[in-house]
Amino acid sequence: DAGVIQSPRHEVTEMGQEVTLRCKPISGHNSLFWYRQTMMRGLELLIYFNNNVPIDDSGMPEDRFSAKMPNASFSTLKIQPSEPRDSAVYFCASSLGGAGAQSPLHFGNGTRLTVT
Amino acid sequence: GESVGLHLPTLSVQEGDNSIINCAYSNSASDYFIWYKQESGKGPQFIIDIRSNMDKRQGQRVTVLLNKTVKHLSLQIAATQPGDSAVYFCAEKLGAGNKLVFGAGTILRVKS
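Residues numbered from 1 in each chain as written. Chains lettered and ligands numbered in written order. Predicted model: local features only at pLDDT ≥ 70, side-chain atom pairs only at ≥ 80, totals over all residues. Heavy atoms only, no water.

*Asks:* Explain the overall build of chain A to me, please; I cannot follow it from the model alone.
*Replies:* Counting its regular elements, chain A contains zero helices and 11 strands. Reading the secondary structure of chain A in the N-to-C direction produces β-β-β-β-β-β-β-β-β-β-β. For 116 residues, the compact-globule formula gives about 13 Å, and the C-alpha radius of gyration of chain A, at 13 Å, lands near that figure. In terms of overall dimensions, chain A has C-alpha extents of about 40 × 30 × 25 Å along its principal axes. Partitioning the contacts of chain A with sequence separation of at least 6, the portion at a separation of at least 24 is 55%. Accessible surface for chain A amounts to roughly 5,500 Å². Of this, 50% is attributable to carbon and sulfur atoms. For chain A, the distance from the average site of its 10 positive side-chain charges to the average site of its 11 negative ones is 4 Å. (Helix = DSSP H or I, 4+ residues; strand = E, 2+ residues; numbered from the N terminus. Rg over C-alpha atoms; globule rule 2.2 N^0.38 Å. Contact = heavy atoms within 4.5 Å. Areas by Shrake-Rupley, 256 points an atom, 1.4 Å probe, with all protein chains shown as cover. Lys, Arg positive; Asp, Glu negative; His and termini not counted. Charge placed at Lys NZ, Arg CZ, Asp CG, Glu CD.)

*Asks:* Is there a simple way to think about the nonpolar core in this case?
*Replies:* Soluble, globular proteins show a tendency: their nonpolar side chains are buried together. Residue and element names in this part refer to chain A. By size, the foremost hydrophobic cluster in this structure holds 21 residues, and its most contacted members are W34, L77 and Y90. When residues of this core are traced back to their parent elements, those giving at least two are β3 (19-24), β4 (31-38), β5 (42-50), β7 (65-71), β8 (74-79), β9 (88-95) and β11 (111-115). When neighbours within four sequence positions are excluded, Y90 is seen to be in contact with Q6, L21, Y35, R36, L46, F65, L77, I79, G110, T111 and L113. (Core = buried A, V, L, I, M, F, W, Y, C linked by side-chain atoms within 4.5 Å. Buried < 20%, exposed > 50% of the residue type's maximum accessible area, 1.4 Å probe, protein only.)

*Asks:* Any chance you could explain the side chain of B:S19 here in plain terms?
*Replies:* All names here are of chain B. Positionally, S19 belongs in strand β2 (residues 19-24). Residue S19 is classed as buried on the basis of its relative accessible area, which comes to 1%. Sequence-distant contacts of S19, that is, excluding residues within four places in its chain, are made with L11, V13, L75, Q76, I77, T80 and L108.

Put into structure tokens, the structure is as follows:
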């Protein structure tokens, strides 16, 4: 059965360029999460959506980062303009249930972003 | 300057032995806890979860123990195998909202 699908798996770009990361959650899941993983800070929640609506974006580093979820089966995380300190692995995860739900998150295999 | 990363604790065990990975969580109001396994180049993989109204839950070869008094969570792996080598994360969720907060992780190395 298909899990969370992320693309691309790897992205190398130059500073100042726009980067778009994509995610397809597990069918039927109504919550979607974007996490960032670095050696310095571990796994950090950037933003999460419930029923396609952004609920908590307090983890988004700054205005250069934006996320959208136009429908239940697709989400994007965009960085514009990108900077070297954005280099990290970005994970998308999905789960069943809304606020207060006790169900596990299922993660994709991530996008490794390198900004030179 | 030189960057300093998280210094993850490492647990080395002999194949066939039992492993115990510990985690101290931060919020006494957290009511749901999950253990994840992450292998190189992959996303975190769900292992087992436990609700705060329980103190023990067993799965296949794994057991999670929850001690709310001291805010401590542990993952026990029976008969550890080389395929268990990975980074293990505990995660906690508060009742309100849907936010899952991860610990720093523990590296498990299994020696054959």
